[in-house]
Amino acid sequence: MANEVTPTVEHAIETSKLNLWYGTFQALFDVDLAIKNGIVTSMIGPSGCGKSTFLRSVNRIVERLGYVRTTGRIDVHGHDIFGEDVELVQVRKQVGMVFQRPNPLPLSIRDNVLFGARTHRLETKSTRDEIVQSALEQVLLWDSVKDRLGARATTLSLEEQQKLCIARLLPVKPRVLLMDEPCSALDPKGTEAVEELIWELRGQYTILIVTHNMAQARRASDECVFMLMGKVIEHTRTEEMFVAPAHRETADYIEGRYG
Amino acid sequence: MFEATELNDRNRRAERLWRWLFGMMTGLLIVPVVLILGVLIVKGGPALSIDFLFTEPTDGMRAGGVFPALIGTIWLVAVALLVSVPIGVAAAVYLSEYAPDNWLTRLINLCIINLAGVPSIVHALFGVGAFVLFFKFGISILAASCTLAVLTLPVVIVATRESLQAVPQAFREACWNMGATRWQTIRRVVLPNSISGILTGVILEVSRTTGETAPIMFTGAVFLLPFLPQSVFDPTMAMSLHLFVVSTQVPGVPDELPYGVALVLIGMVLCMNALSIAFRVYLRGKKKW
Ligand SMILES: Nc1ncnc2c1ncn2[C@@H]1O[C@H](COP(=O)(O)OP(=O)(O)OP(=O)(O)O)[C@@H](O)[C@H]1O
Ligand SMILES: [Mg+2]
């Protein structure tokens, strides 16, 4: 699906009967999820319920662990990511991932932003500056770093590092951004800034964000998925989930009755 | 209210005792080092001079200097480095970055550890069979250096692997998640961040071969040569073998001569180590995370 023009699809991610085992331990059970294109979907659930596992299977990074086995189907923009002629590198290009702890590479700010573009050979000498500026502008970081693009990325504050980690995904034009608790290492101000950014990116990318912060899920997402013990319990519009959850478990979790 | 109780006193006495004991052991450790260096300097010092370093042995090795042996050892160690570093580093990169964690990899790791325990005289015999005879290098620097390289490969691999594994896994994951291949990840993130550790570790390990005698005495080093080696296919003199020869094989050598040779040999090893450490300190100053 590399660079062909896909007509706007309704669902950016669609899974059916997705099961995943770590060795003999089953972490996902028959997950059927349809994440709508172009909106922000949050994913909540107690620790260990399989949120990260789900995210990591959407860009097939779980397979790095030799003992993982997956069954079922995952479509990204209507294309089966387990298909026979699928190139893993292309999957990871289309599906970007942001981690809990900001993990900028030990390179300069500029080289961090260019890393993905270089990996996929999408930059030339003449487009480099433009790529860097546009990516950093999109994550609202340009003004504060434009005078020190050569500085080590690790000298930035955590909030800025996390923004940079988002920025470096953008030059390869991914369709989906997966974010695994992107704010949990940040202070409240940083959290707010990153949330704002997520809202800013809404529409251009499909964003799936895992969070333990109910207020954040409520504020910063259109739809919300609640998972429990490897199963999807509920998936509705966010305000609905928080005002009138359809399941007891959801209500219990939202009100803080488990983990 | 803050007076010491009996328990406090007892603990403090025990504390003193242990501290003293551990300190003693450390002191004990220094004794041989000081003794060796002391004896060498006192006894070998008089033999040392600029001439000693830069002239050939004369009078059937009973007088003169160590120049050919000094140059020979530099040749041997340098060629050994050239052979073992590329192979060892490549193998370590494979084992640390590519190899799946299965029984075969574990077996290979086990072999490497065991290889490090093989006595150097066994390496010497292997060197004769493999490099001198089979590959027809003859008695030459190349054969001797290859033997030294085989001897040091395990430590080169282990030192490299440690440096590679010191690079945080999060960096690799960040790269993989952007669709970078293993090689792109290694070239652009892992190696640049471990190369200093690799190089210094490797230089340190290989410089230890400066003093090896057995592996070179059958493969490339000879007692006495009136000329310097011109290429890697020439045999050569070497400091370690020279020391062995002047201290046991030649009658009537003046007392201070072997000590002088030993002092130069130790000096060479210490210089290499110091260089390697200085290099490490310098590169660590530029460390990136
Ligand atoms: N690499 C692994 N090997 C084996 N089991 C794993 C591995 N990673 C996760 N698990 C197990 O799979 C289950 C789901 O883990 P996962 O990390 O997806 O949970 P999570 O919902 O992201 O939790 P958290 O909120 O704490 O991040 C857990 O029970 C965990 O113990
Ligand atoms: Mg998680």
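Small disclaimer: the values here were computed from a predicted structure and weren't measured.

Our next topic: the pairing of strand β6 (residues 95-98) of chain A. Side-chain positions along a regular strand alternate between the two faces of the sheet. All names here are of chain A. Burial of the side chains of β6 extends over both faces: V95 and M97 are buried on one face and G96 and V98 on the other. The sheet contact formed by β6 and strand β7 (residues 176-180) spans 4 bridges and is parallel. Across the sheet, M97 pairs through a bridge with L178, a residue of β7.

Bringing helix α6 (residues 141-165) of chain B into the picture now. Along its 25 residues, α6 of chain B runs 34 Å from first to last C-alpha, staying within 8% of the 36 Å computed at 1.5 Å per residue. Of all 25 residues in α6 of chain B, 20 are buried, a share of seventy percent or more.

For the rest of this paragraph, the subject is the state of the cysteines. Taken as a whole, this structure holds 0 disulfides over all chains when the rule is applied. This cysteine, C224 of chain A, is not joined by any disulfide, and C49 of chain A carries the nearest cysteine sulfur, 11 Å off.

Going through the model one piece at a time under the given rule, you end up with 9 aromatic pairs over all chains. Relative to F67 of chain B, the ring of F54 of chain B lies with its centre 5.7 Å away and its plane at 50°, an arrangement referred to as tilted. With F54 of chain B in helix α2 (residues 50-54) and F67 of chain B in helix α3 (residues 67-98), the pair connects residues that are 13 residues apart, well separated along the chain. Classification of F54 of chain B as exposed rests on a relative accessible area of 51%. Summarising the aromatic geometry, the rings of F135 of chain B and F137 of chain B are spaced 5.8 Å apart at their centres and angled 20° between planes, so their arrangement reads as stacked. One aromatic cluster is present, formed by F126, F131, F134, F135 and F137 of chain B through successive ring pairs. A cation over an aromatic ring shows up here: R69 of chain A above the ring of W21 of chain A, its NZ or CZ 4.2 Å from the ring centre. The ring centre of F29 of chain A lies 4.7 Å from the NZ or CZ of K231 of chain A, which sits over that ring.

So, on to the site of ligand 1. All names here are of chain A. Near ligand 1 lie 15 residues; those nearest to it are S47, G48, S52, T53 and H212. G48 places a main-chain nitrogen or oxygen 2.8 Å from an oxygen atom of ligand 1. Within the contact set of ligand 1, an oxygen atom lies 2.6 Å away from a side-chain nitrogen or oxygen of H212. Contact with the protein chains removes 68% of the 630 Å² of surface that ligand 1 exposes when unbound. Of all elements in the fold, only β2 (25-36) and α1 (51-58) reach the threshold of two or more residues within the shell around ligand 1.

Counted under the stated rule, the structure contains 20 salt bridges over all chains. A salt bridge links D129 of chain A to R110 of chain A; its shortest N-O distance comes to 2.8 Å. Of this pair, D129 of chain A sits in helix α4 (residues 128-138) while R110 of chain A sits in helix α3 (residues 109-119), placing them 19 residues apart in sequence. A salt bridge links D101 of chain B to R106 of chain B, with the nearest nitrogen and oxygen atoms 3.4 Å apart. Given a relative accessible area of 66%, D101 of chain B falls into the exposed group. One continuous salt-bridge network, built from bridges that share partners, spans D111, R118, E123 and R128 of chain A.

To continue, consider the nonpolar core. Across soluble globular proteins, you tend to see nonpolar side chains buried next to one another. L105, L136 and I207 of chain A are the most contacted members of the largest nonpolar core, which has 53 residues in total. Element by element, the count of residues in this core is highest for helix α8 (residues 182-207) of chain B, at 6 residues. Excluding residues within four positions of it along the chain, I207 of chain A makes contact with I39, V40, T41, L177, M179, I198, L201 and R202 of chain A. Judged by nonpolar contacts, the second largest core, of 34 residues, contains L76, I216, V246 and L265 of chain B.

In this section: the domain arrangement of chain B. Residue and element names in this part refer to chain B. Partitioning chain B into domains gives domain 1 (6-47) and domain 2 (50-285). Residue-level contacts link 9 residues of domain 1 with 8 residues of domain 2. With both chains or domains summed, domain 1 and domain 2 bury close to 720 Å², and 84% of this area falls on carbon and sulfur atoms. Interface area lost by domain 1 to domain 2 is led by L40, K43 and A47, which between them contribute 66%. Joining domain 1 to domain 2, the criterion identifies 0 salt bridges. On the surface where domain 1 and domain 2 come into contact, there are 0 residue pairs in polar contact (both at pLDDT 80 or more).

At the interface, 22 residues of chain A touch 16 residues of chain B. With both chains or domains summed, chain A and chain B bury close to 1800 Å², and 61% of this area falls on carbon and sulfur atoms. It is R64, P106 and F115 of chain A in chain A that bury the most area against chain B; as a group they hold 34% of the surface buried on that side. Counting every contact that joins chain A to chain B gives 0 salt bridges. Applying the counting rule to chain A against chain B returns 4 residue pairs in polar contact (both at pLDDT 80 or more). Counting only elements with at least two residues in the side of chain A that touches chain B, the list comes to α2 (88-94), β6 and α3 of chain A. Ranked by the residues each element gives to the side of chain A that touches chain B, the list is headed by α3 of chain A, at 4 residues.

Within helix α6 (residues 158-167) of chain A, 9 of the 10 residues are buried, which leaves it mostly tucked inside the rest of the structure. Contacts from the buried residues of α6 of chain A go to β6, α3, α4, α5 (142-145), β7 and α7 (188-201) of chain A.

About the thresholds
- Residues numbered from 1 in each chain as written.
- Chains lettered and ligands numbered in written order.
- Predicted model: local features only at pLDDT ≥ 70, side-chain atom pairs only at ≥ 80, totals over all residues.
- Heavy atoms only, no water.
- Buried < 20%, exposed > 50% of the residue type's maximum accessible area, 1.4 Å probe, protein only.
- Helix = DSSP H or I, 4+ residues; strand = E, 2+ residues; numbered from the N terminus.
- Pairing = 2+ DSSP bridges.
- Expected span 1.5 Å × (residues − 1).
- Disulfide = S-S within 2.5 Å.
- Phe/Tyr/Trp six-rings, centres within 6.5 Å; stacked < 30°, edge-to-face > 60°.
- Lys NZ or Arg CZ within 6 Å of the ring centre and 35° of its normal.
- Near = heavy atom within 4 Å.
- Polar contact = N/O pair within 3.5 Å; in protein donor to acceptor, adjacent residues only side chain to side chain.
- Areas by Shrake-Rupley, 256 points an atom, 1.4 Å probe, with all protein chains shown as cover.
- Salt bridge = Lys/Arg side-chain N within 4 Å of Asp/Glu carboxyl O.
- Core = buried A, V, L, I, M, F, W, Y, C linked by side-chain atoms within 4.5 Å.
- Contact = heavy atoms within 4.5 Å.
- Domains from an automatic or database assignment.
- Buried area = accessible area lost by both parts, 1.4 Å probe.

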